[in-house]
Amino acid sequence: MHGLVIIIATLVVCSTLIHAAITEIHAEGTCAMYKNCGKKSFFGAELPCPYNGPAVLLDSEGSADLIDICGPHWGNTPVCCDVIQLENLRQNLRKADTLISSCPACQANFVEFFCSFSCSPNQSQFVNITSLGSATSGNDIVTELDFFVSADVAEQFYNSCKDVKFSATNGFVMDLIGGGAQNYQSFLKFLGDEKPLLGGSPFQINFPWNETEESIERLQFETRNCADIDERYRCACVDCPGSCPALPPTSNDRLCKVGAMPCFSLAIITLYVMVLVVVILVYKSIIQFRNGPFYKPERLRLLHDAGGASEDEEEGDIVESSELVEGDLMPTYYLHSILQSKFTTMALFCAQFPGLVIGLSLLITGILSLGWLHFTIETNPIRLWVSSNSPSYQEKLFYDENFGPFYRAEQAFLVSESGPVLSYETLQWWFEVETNVTRIKSAIYGTTFDDICLKPTGEACVVQSITQYFGGDFDNVDESNWQEQIELCTANPVDCLPPFQQPLKPNMILGGVNGSYVDAQAIIISWVGNNDVEGSTHVLHAMDWEVALETFLLDIQAQAAERGLRLSFNTEISLEKELNKSTNTDAKIVVISYIIMFIYASYALGKISFKSGMRSLVDSKFTLGLFGIFIVLSSVSASVGLFSIIGIPITLIIAEVIPFLVLAVGVDNIFLLSHELQLVNQQYPNEPAEHRIARTMGKMGPSILLSASCETIAFALGAVVSMPAVRNFAIYAAGAVFIDAILQVTMFVSALTLDLKRTEDSRVDCFPFMKIQLRRPANNEDTPLVEWIRTKYAPTILKREVKVTILMVFTGFCALSLALIPNMKLGLDQRIAIPRDSYLVNYFDDLYDYFDSGPPVYFVTKEFNVSERAEQQALCGRFSTCNEYSLLNILEQERKRPEISYLSEPAASWIDDFFHWLNPQLDECCRFRKGSTEEMCPPYAREWQCDVCYANREPSWNITMNGLPEGDEFMKFFSFWIQSPSDPCPLGGQAPYSNAVVADYERLTFNATSFRTSHTPLRSQDDFINAYAAAKRISETISRDTGAEVFPYSVFYIFFEQYGSIFRLTSGLIVTAEAAIFVISALLLGSISTALVVTATVAMIVIDIMGIMVLWGISLNGVSLVNLVICVGIGVEFCCHLARAFMVPSSDVLDISRSRMKGNDERVWAALVSVGGSVFSGITITKLLGVIVLAFTRSKIFEIYYFRMWFSLVLVAGAHGLIFLPVALSYFGSQGYAMKDLFIDVENHGFSSNRYRVLFQESDQQESENEDEEDSDIRP
C-alpha cells in the first residue's frame, strides 16, 4: 500500500529552473514544471524541476501512452510531462485502481485530476511554484507549490470518491487516499501534505481557496458524478448513495405516545379517573337517598331501635343479638365435606402412628435424595438462558460449525482521569508490559499467548494496541517525534500496518478523544485468541493462560496506580468467575435469612413471654420450628434428587431461590396449623390429642391443599417455557412445593402431635426427658394481635366509608402500575450481575465510556449457490447488474440510517472483492504463471514471468458482470483468490475472507458465506436489544428480496433473543397461572365469584409489583421473570387461606357474631379473626424478616432482583391479602358453606353455644387477673 496516497509526488513532472523568479508566466500553453531533477536524499523520491516554458509535443509512442493512460481527449496535444513520467503515472494509477476501480466516476475524476496536474499544457495557469531546494546532484528541485483548483471541481471530485468502500477493512477508500477527509478541502490537503517517511507527498503542495491573481485560472475539467446518467461512469449503490434505491420505511414499532406519555398509560389513567368519578357520584347519591324521607328501611329501623347504637357498636366491637346465626342456615359443599373427611382421617392416622409416618417420610425423601448422585449444576450462560431449539441457538451452532467459534478476547483499558494518557514514559512502560504479556506461561500447561493467539498471516499474533503503530517494538519510538508518528498513523492507518498486516482503526485503540488522538484519555488494548469448541484441548490451554494473564494484570494495576493511571481489564474467563464469586457471597446472606426466619418462627409459635417464667420452657416451639425447617430442606433435597435423576440440571437461581421460597411457604403452614390447634385446644380441651390434631387438619387441610395446588400448578406451568433457567426453576419449584405440602400434612402433623403431648405433659422443649411441675395452666388466651384484629382492625376496615376508600386506593395504585408498565426497561446489565467490589465493574464502565466502536455483525447465507449468475447478482453490490435490492445494496442503505439499523460500517463483500480481483487492469492481482492456467504467480514475481488472468478473455471483464465466471470456472478462480495474500494486491482474499466463506467444490456451491459489518457503539441494554431486533429485521428483508436464507450473527445475539418475546412470555405465563388459580379456587372453594375475587387480587399484586419494578429501576429479564412467577405463587399464599375461611367460616366464631355485621361482612370478620393473625405473623412478618436481610448483600443483582422484588412482594401481597381482599370479599364474595363436625361428643355438645366464648373475654378482665406465682419442680 506504500505510495498509494502520494500519487501527486510521483506523477509530477519536472522543468528547468528560472532562478530569478518562480513561475513568472501564467499563460495558456505554458508549463510550470518539466522532467525530474533529482532527489532530496539517497532514499527520497525524484522531484520535478521548475520550467516556465512552452509545453512539449510527445512522439507517437509517447502520445499513444498518454491516450492509454489519460483518455482519447489527450491525443495530439503538447504536454508538460515526458514518457518516463508517463510510465510512472501509469504504474501509480494502477495502484490506485485497486482501491477505486469499482466506482468508474471516482476513477475517471482521479485520472483526470492527476493527468491535468502532471501533463496539462496549461499547467502554469493553475500551478505556482513557491519554494525551491537543491537535489543531491546539485540541481534545483521544486519543494513547495500552490495548486489552484476550482472549488466545484474539487467538491465533485471528493463527492465522487467519498462513499467508495474498501471491503477488506469494512472501511472507506477515503480513509486510505484522503486520511478520512470529511470535505474536499481536507481531502486535497491530505494529498498535498509533505509526508515522505510515510509514503506521502515528497514535497508540499498547497491548495489555496482565497482569491487569486488575475493571471491564475483555477483548474477546470468535466467531472463525473457517481450517479452519472452515462452508464460507463455510474457507480454501484454500495459506492454511491445516488445510485441506490430507496428502502421502504420501517414499521413504527415505537410506543404510541401523547407527548411524553404512552397512549396506553393515558388510557388507563383516564379510564380510572372516569370510573372513580362515577363511583363517587353514585355513592353520594345513595347516601343522600338513604338520608332522605323516602327511604323506609331507615325510618323503620329508627322506630324499632329508638335507643340508638349501643356502646359496643360505637366502639366497633361485636354485639350480641337474638337473631339467628347465619351459620345455622348455610348449606354444605360436597367437596368441602369430602376433603374435610379425608384430611381428618389422614391426620388421625398420622397422629396415632407418628413414628411410622415420620420414618416412612424420611425413607421416601432419603431415597429421592439419592438422585444427588446425578446432580449437575449449569453455569454456562448460553445453556442457562437460551433454549437449544431457539433460532439464535441454532444459528450460533451453524456459525460455529462453519466458521469456527468466535474469537477469545482479552481487553484492557489504561485510563488517565486527569489528562492525556499518552506520554513517552507511559509508552515505554506499556511496551514493557505488553512484552511481558507475551512471555507469560500458564501454570498447568505452560501455554503462552503465541500458542493460542489469532494469526491471520500465519505468523504474527493479533494485538490491537497503540504499540502496533510502532511495529510492537519500542526501538521504533523516537522521543522527539513519537506524537507526530501517532498523528500520522491515526490519520492513515494503512501506512502503519502492524505485524499482522491489518489496519488498526484509531477508535479501536484510543478512547476519550476530544480533538487530537495524542490527547486521548485511554489506551485500549485487545489480545485476540483463537477459539474452539467447549472442552477442547485448545480451550483448556487458553483458559489456563487467561488465569495467568488475570493474575499478571491484577499486579499491573498497582503499577498503573503509582503512575497516576488506572488499569481495568477483562479476560474471556473473568465474567463467569466473578459471577460464581457473587453466588458464594449470596449463599451466606441467604443462610442468615433462613436463620432469622427460623428464630422468629420458634418465638412466635411458642408465644414465649418473659412473664411466663418456667412455662416458657414448655411453651417454646424451638424443636417444632427446627423440624419445620428440616421438612423444608427435605422437600428441596427430594425435589433436587428426583429431577437430577431425570437429568434436569440445577441452576444458581434454583440453588439460591427455591429453599427460600419453600421455607416461606412451609413456615406459613406451620403457623396456620399451630394457630388452629390452639383454637381447637380451647374448644375441645377434653378430647384426646389425636382427635384435636385431626380436627385441626380437617379444617386447615383443604386450605393448605388450595394454596399448595395453586402454587404447584402456577409454577409447573412455567415448565412449558423454552428458556432453560425459567423452565428448570419452574420444575424444581413445583416439585419442592408439592413435596413440602405432602410432608406438611403428614410428617409435620405427626411432629405436631408429639409436640402437643410434650406440652401437655409439661416437658421442656428440646429436652423432652425433663419434666416441669407447673401449677399454672397453659395460657390459652388470645394473643394481643388476634385480640386487636377482633376488636379493632376487622370492624374498622368493614365500615362502609373505609371499604370504599380502600377500594379506590388499591384500584388506583393498580391503575397507576398498569400505566407504568409500558415504561419498563428490558435487559440485565453485566455490571449488576457481578459483585460491587469486582474488578470488572471498572472495566464495564470504561468499555461504555471509552470504546467508540460497536460489536461486529455477520449476515450469513446458508446453502446458496453463488457460482450461478442469478445468485451472484442477488448478493453483489459493486456492479451495474446487481439486483436493486441485493444483499449488499440493502446493507449499504441500512447503514445510512444508523438510528434505525444500528449499523455503522460498510459491509465487507467477498464476492465484489473477488470479482474485482479478476479485473485485468489490476495487473498485480490475478496472475498465472507464464503459459499456465492452473498455477498462480507468486505475489512479487516479475511481469515477464506472469500472465494477467483475464487479459485476453472473451467476453472480457466488465462492470456489467457479463464476462465474469460461473460454475466450474467460478469455483476454480475462487480457489485461487481465497489463498491469495493482500500484498501487493489489497483485494486478495486470504487475510480478510479465509474464515468468511465455506465452499463445496464437489457440489459447486457454498455451504455458508458471511458479510461482515459493525454495529454502532452500543452503550445500554436498550441499544443491544434494538440492535438485535434491527439485525433480524434486516436479515428477513434480505431473505425475502434475494431468495437466500440469511440470518444475522453477533456474539451477543444469543443472550438478547429472549427480549423479543419476553413481554409476551411474561404475560402468557401470568395469565395462564391466573387461569389455573381461578379454576382450582372455583373448584375447591365452591364459588365462582369468590374465585374471581382471589384471582383478581393475585393479578393486582403482580401488576403492582411490575409498577414498582419501573419505579425502583428493576428491568424485565430472565431473573425478574422467575420472580414474577414467584409473585403469583406467593400472592396465592396471602389470599387463599382467608378466602377459604370466608367460604367455610368457623361456626364457633359465628356463634358469637350477633351483630350489625351480617352476610358477607360477618364472614369476612370471622375469617380475619380465624386466620388473619396467622397470615400477618406467619406469612407477612416471617417473609419480611427474611427479605430484609437480603438488603445487606454485596451482590448488586441480588439486591435489585431479589431484595427489591421480594420486599415489594411481601408489602404489596400483605396489604392486598389483609386489607383489599377482605373488602373485596365483603362486596363480591358468594354465600358461604357450613362445616360438619366429624367428632360429635355428647358430653361436649351440650356446651356448643358456650365453647368458644372464652375467646371473647374482655381484655380489661384479662389484664386485671393476678398472675400466680408458679411453684415448679424440675425433675427428669
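Residues numbered from 1 in each chain as written. Predicted model: local features only at pLDDT ≥ 70, side-chain atom pairs only at ≥ 80, totals over all residues. Heavy atoms only, no water.

Student: For this particular structure, what's the right way to read the state of the cysteines?
Tutor: Here, the word disulfide means a covalent bond between the sulfur atoms of two cysteines. Tallied over the full model, the rule gives 14 disulfides. The residue that forms a disulfide with Cys-37 is Cys-49, at a sulfur-sulfur distance of 0.9 Å. Disulfide Cys-37 to Cys-49: torsion about the S-S bond roughly 125 degrees, handedness right-handed. Placement of Cys-37 in strand 1 (residues 33-39) and of Cys-49 in strand 2 (residues 46-50) is noted, with a sequence separation of 12 residues between them. When sorted by exposure, Cys-37 lands in the same class as Cys-49, which is buried. The partner cysteine of Cys-926 in its disulfide is Cys-949, sulfur to sulfur 2.0 Å. The sign of the -85 degrees torsion about the S-S bond sets the Cys-926-Cys-949 disulfide as left-handed. Residue Cys-926 is located in the loop between helix 35 (910-917) and strand 20 (927-929), and its partner Cys-949 is located in the loop between strand 21 (946-948) and helix 36 (967-977); the two are separated by 23 residues in the primary sequence. A relative accessible area of 14% means that Cys-949 is categorised as buried. (Disulfide = S-S within 2.5 Å. Helix = DSSP H or I, 4+ residues; strand = E, 2+ residues; numbered from the N terminus. Buried < 20%, exposed > 50% of the residue type's maximum accessible area, 1.4 Å probe, protein only.)

Student: When you look at the sheet that holds strand 19 (residues 856-862) in this model, what are you seeing that I'm missing?
Tutor: Hydrogen bonds between backbone atoms are what pair the strands of a sheet, whose relative direction is either parallel or antiparallel. The strand order across the open sheet formed by four strands is 22-23-19-24, and the pairing between neighbours is antiparallel. Of all strands in the sheet, those bounded by a partner on one side alone are strand 22 (997-1000) and strand 24 (1045-1049). Sheet twist, expressed as the mean angle between neighbouring strand axes with direction ignored, is 20 degrees. In the sheet, strand 19 pairs with strand 24 via five bridges, with the strands oriented antiparallel. (Pairing = 2+ DSSP bridges. Axes fitted to C-alpha atoms, helices over the stretch in contact; angles between N-to-C directions.)

Student: Would you mind going over the sheet that holds strand 7 (residues 204-206) with me for this structure?
Tutor: Taken in spatial order, the three strands line up as 3-4-7 in an open sheet, and their pairing is mixed. Two strands bound the open sheet, and with one partner strand each, they are strand 3 (127-134) and strand 7. Strand-to-strand, the axes of this sheet are offset by a mean angle of 25 degrees, without reference to chain direction. Inspection of the sheet shows strand 4 (residues 140-147) paired to strand 7 by three bridges, in the parallel sense. Within strand 7, the position partnered with Asp-146 by the bridge is Asn-206.

Student: Sorry, what's going on with a nonpolar patch on the surface here?
Tutor: Together, Phe-349, Phe-353, Leu-356, Leu-360, Leu-363, Ile-364, Ile-367, Leu-370 and Leu-373 make up a nonpolar patch on the protein surface, roughly 920 Å² of accessible area in all. Ranked by the residues each element gives to the nonpolar patch, the list is headed by helix 13 (residues 354-369), at five residues. The topology assignment puts Leu-360 in helix 13. (Patch = residues over 30% accessible without salt bridge, like charges linked within 9 Å, V, L, I, M, F, W, Y side chains within 5 Å. Areas by Shrake-Rupley, 256 points an atom, 1.4 Å probe, with all protein chains shown as cover. Salt bridge = Lys/Arg side-chain N within 4 Å of Asp/Glu carboxyl O.)

Student: Mind showing me how you'd approach the pairing of strand 18 (residues 767-773) here?
Tutor: Residues in a regular strand project their side chains so that they alternate between the two faces of the sheet. Bridging between strand 17 (residues 763-764) and strand 18 involves two bridges; their strand directions are antiparallel. Each residue of the ladder has a partner; that of Arg-763, found in strand 18, is Lys-771. Hairpin connection from strand 17 to strand 18: two residues lie between these consecutive antiparallel strands, with Cys-766 at a positive phi of about 75 degrees.

Student: Looking at this structure, I do not really get the nonpolar core. What am I missing?
Tutor: Nonpolar side chains in soluble globular proteins tend to end up buried together. With 227 residues, the main nonpolar core has Trp-910 and Trp-917 as its most contacted residues. Those residues in contact with Trp-910 that sit more than four places away from it in its chain are Val-866, Phe-970, Phe-974, Trp-977, Tyr-993, Val-997, Phe-1006, Thr-1009, Ser-1010 and Phe-1011. Judged by nonpolar contacts, the second largest core, of 66 residues, contains Ile-141, Val-153, Val-173 and Val-494. (Core = buried A, V, L, I, M, F, W, Y, C linked by side-chain atoms within 4.5 Å. Contact = heavy atoms within 4.5 Å.)

Student: Is there a simple way to think about the side chain of Ser-387 in this case?
Tutor: For Ser-387, the location among the structural elements is in the loop between helix 14 (381-385) and helix 15 (391-403). The residues contacting Ser-387, other than those within four sequence positions of it, are Tyr-393, Ser-722 and Pro-724.

Student: Please clarify how helix 42 (residues 1118-1143) should be interpreted in this entry.
Tutor: Given 3.6 residues to a turn, an α-helix orients residues that are three or four positions apart in the same direction. Over its 26 residues, helix 42 runs 37 Å from end to end, which matches the ideal 38 Å to within 8%, given 1.5 Å per residue. The sharpest bend along helix 42 measures roughly 30 degrees and falls at Cys-1135. Between the side-chain oxygen of the N-cap and the backbone nitrogen of Val-1119 there are 3.0 Å, and the N-cap of helix 42 in question is Asn-1117. (Expected span 1.5 Å × (residues − 1). Bend = angle between axes of the 7 residues up to and from the residue. Polar contact = N/O pair within 3.5 Å; in protein donor to acceptor, adjacent residues only side chain to side chain.)

Student: Before we go on, may I ask you to explain the environment of Ile-911 in this structure?
Tutor: In this fold, Ile-911 is placed in helix 35. Separated by 36 residues in the primary sequence, Ile-911 and Leu-875 have C-alpha atoms spaced 7.7 Å apart. Residues in contact with Ile-911, not counting those within four places in the same chain, are Val-866, Gln-872, Leu-875, Cys-876 and Phe-1011.

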